[in-house]
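Observations on chain architecture
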Amino acid sequence: MRQLFTKRQADLTSQRGLTALEIVITVMISSLLIAALLRFMSFGHPLAKTAYLQAQSTDTARLQLKRIAKLLREARYADTGAYPLLEVSPQRIIFFANADTDATTERIRYELNGTNLERGMVKPSGDPLTYDLAQEQVTVVTSAVRNGSDPIFTYYTGDYPADPTPLTPTDLTEVKYIQFRLLIDADPAIDPPAIEVVSQVQLRNLKTNLGETVE
């Protein structure tokens, strides 16, 4: 009887030893798996965040180009009598249009500032009416723009696309068709690469035809 008890006690001790060994092995394997998971998450999180920001910035850029196209399509003479286009350059355009619900015609400026595309808007005021630049309201309409020195705005005559030669306008009245192009990249150091967003518009009040495409 005593021998049977001693044997049973030895078996229990052996079982406890095996269980402890199994626990140690399980903890080691779990630690390795957790370390690998944390490493994967630390590597994958910046990529996922950048991809999300890229998609968000691209959607914002598409929306803003549609808004720019809408305003330019309806560009009109200023309340002071000035021509609808005030300034056209590769990274800045200034024109007159009704940008809100009132009856006045605003002076609107779109310009690349670093990696931000800004919009400046001035309402006419005073008697006689003037556009006081000190009252310009500036907002950033889209960010992560990576055009660098590449043009955002490209200008064409009313013969576009039959005549695809871009203008370097000295006479604003030559401009009848405008293309906008933004390169959007939330982080140039990390994939995905920059996404090109393009829109085109004809100036309704300066040409009878109308055309616009957005890619």
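This text follows the structure it describes.
This structure is a prediction, so every number in the text was calculated from the model and none was measured.

Scanning the chain for helices and strands turns up one helix and nine strands. Secondary structure elements in the chain, listed N-terminal to C-terminal, are α-β-β-β-β-β-β-β-β-β. Here the chain holds 215 residues, and the buried ones make up 33% of them. In the chain, the share of contacts with a sequence separation of at least 24, taken over all contacts with a separation of at least 6, comes to 51%. Summing over all exposed atoms, the chain offers an accessible surface of approximately 13,000 Å²; the carbon and sulfur share of this is 58%.

Consider a sheet: its strands pair through backbone hydrogen bonds, and that pairing is either parallel or antiparallel. In spatial order, the strands read β1-β2-β3-β4-β5; together these five strands make up an open sheet with antiparallel pairing. Sheet topology places β1 (85-89) and β5 (137-142) at the edges, where each strand pairs with a single neighbour. Averaged over all neighbouring strand pairs, the angle between strand axes comes to 20 degrees, with direction disregarded. Inspection of the sheet shows strand β3 (residues 106-113) paired to strand β4 (residues 116-122) by seven bridges, in the antiparallel sense. What sits directly across from E111, in β4, is E118.

We now examine the pairing of β4. Where burial is concerned, most of β4 is hidden: five out of the seven residues are buried. Looking at chain direction, β4 and β5 are connected through five bridges and run antiparallel. Its bridge partner being in β5, L117 is matched across the sheet by T142.

Now for a nonpolar patch on the surface. A cluster of nonpolar residues, L21, I25, I29 and L33, forms a patch on the protein surface that exposes about 380 Å² of accessible area. Its place among the elements puts L21 in helix α1 (residues 2-73). For L21, a relative accessible area of 48% corresponds to the partly exposed category.

Rules used in this analysis
- Residues numbered from 1 in each chain as written.
- Predicted model: local features only at pLDDT ≥ 70, side-chain atom pairs only at ≥ 80, totals over all residues.
- Heavy atoms only, no water.
- Helix = DSSP H or I, 4+ residues; strand = E, 2+ residues; numbered from the N terminus.
- Buried < 20%, exposed > 50% of the residue type's maximum accessible area, 1.4 Å probe, protein only.
- Contact = heavy atoms within 4.5 Å.
- Areas by Shrake-Rupley, 256 points an atom, 1.4 Å probe, with all protein chains shown as cover.
- Pairing = 2+ DSSP bridges.
- Axes fitted to C-alpha atoms, helices over the stretch in contact; angles between N-to-C directions.
- Patch = residues over 30% accessible without salt bridge, like charges linked within 9 Å, V, L, I, M, F, W, Y side chains within 5 Å.
- Salt bridge = Lys/Arg side-chain N within 4 Å of Asp/Glu carboxyl O.

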